[in-house]
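Chain by chain, the residues run as shown.
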Amino acid sequence: MQKLTNKEEEIMKILWQLEKAFVKEIRAELTGDKPHYNTLSTIVRNLEDKKYVGHEAFGNTHRYYPLISKDAYRKKFINSSMLDYFDNSYKNLVSSFAKEEKISIKELKEIINLIENKK
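Residues numbered from 1 in each chain as written. Predicted model: local features only at pLDDT ≥ 70, side-chain atom pairs only at ≥ 80, totals over all residues. Heavy atoms only, no water.

Caption draft 1: Examining helix H5 (residues 90-99) more closely. Two to three positions downstream of the cap, the backbone nitrogen of Lys-91 sits 3.3 Å from a side-chain oxygen, assigning the N-cap of H5 to Ser-89. Directly beyond the C-terminal end of H5, a positive phi value near 55° is found at Glu-101. (Polar contact = N/O pair within 3.5 Å; in protein donor to acceptor, adjacent residues only side chain to side chain. Helix = DSSP H or I, 4+ residues; strand = E, 2+ residues; numbered from the N terminus.)

Caption draft 2: Fine view of the sheet that holds strand S1 (residues 21-22). Taken together, the 3 strands give an open sheet; going across it, the order is S1-S3-S2, and neighbouring strands pair in antiparallel fashion. Only two strands of the sheet have a single partner each, and these edge strands are S1 and strand S2 (53-58). Looking at chain direction, S1 and strand S3 (residues 61-66) are connected through 2 bridges and run antiparallel. The residue bridging Phe-22 from the neighbouring strand is Arg-63, located in S3. Helix H1 (residues 6-18) contacts S1, S2 and S3 of the sheet and is inclined by roughly 90° relative to S3. Taken strand by strand, helix H3 (residues 37-49) contacts S2 and S3, and its axis lies near 120° from that of S2. (Pairing = 2+ DSSP bridges. Contact = heavy atoms within 4.5 Å. Axes fitted to C-alpha atoms, helices over the stretch in contact; angles between N-to-C directions.)

Caption draft 3: Structural context of the packing of H1 against H3. In the contact formed by H1 and H3, the axes pass within 10 Å of each other and the chain directions differ by 85°. By the angle between their axes, H1 is roughly perpendicular relative to H3. Contacts from Lys-7, Glu-8, Ile-11 and Met-12 in H1 reach Leu-40, Ile-43, Val-44, Asn-46 and Leu-47 in H3. Classifying every residue of the contact of H1 with H3 by side-chain character gives 6 nonpolar, 1 polar and 2 charged. (Parallel < 35°, antiparallel > 145°, perpendicular 65-115°, else oblique. Nonpolar A, V, L, I, M, F, W, Y, C, P; charged D, E, K, R; others polar.)

Caption draft 4: Just the pattern of salt bridges, in detail. Under the defined criterion, the tally for this structure stands at 6 salt bridges. Taking the shortest distance from any N to any O, the salt bridge between Asp-71 and Arg-74 comes out at 2.2 Å. With Asp-71 and Arg-74 both in helix H4 (residues 70-85) and 3 residues apart, this pair spans about one turn of that helix. For Arg-74, a relative accessible area of 41% puts it in the partly exposed group. Linked through salt bridges whose partners overlap, the residues forming this network are Lys-20, Glu-56 and Arg-63. (Salt bridge = Lys/Arg side-chain N within 4 Å of Asp/Glu carboxyl O. Buried < 20%, exposed > 50% of the residue type's maximum accessible area, 1.4 Å probe, protein only.)

Caption draft 5: Quick look at a nonpolar patch on the surface. Nonpolar side chains collect at one region of the surface, where Phe-77, Ile-78 and Tyr-90 lie side by side and expose about 290 Å² of accessible area between them. Its relative accessible area of 39% is what places Phe-77 among the partly exposed residues. (Patch = residues over 30% accessible without salt bridge, like charges linked within 9 Å, V, L, I, M, F, W, Y side chains within 5 Å. Areas by Shrake-Rupley, 256 points an atom, 1.4 Å probe, with all protein chains shown as cover.)

Caption draft 6: Geometry of the pairing of S3. Judged from the 6 bridges that link them, S2 and S3 form a sheet pairing that is antiparallel. Residue pairing for S3: Glu-56 is matched across the bridge by Arg-63. In sequence, S2 turns back onto S3 through a hairpin of 2 residues, with Gly-59 there showing a positive phi of about 70°.

This is the structure:
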């Protein structure tokens, strides 16, 4: 599974939400500066080449749908980030959030409760 660009991830988030969409529907969901229709179409076709999306043909137009689930992509991305940036350690990941004050003590206690109750 190849890493996606920021724009590709943005498009995938829209496809995961819509489940199936034509390029014009994807474009309508984009926020901020919207790429030209042809540019967006090229990005979607690149996602198809990378095996992230498939399509159904309706004459000359295509309706695209995700081939990879959001959960599968998230797991791959998290595992890759864990390996690359946190020495494959969840402790290092959570510690990083705690040091940067991105996670509260209450949230950490909730995580501990989840772990303890799962056993």
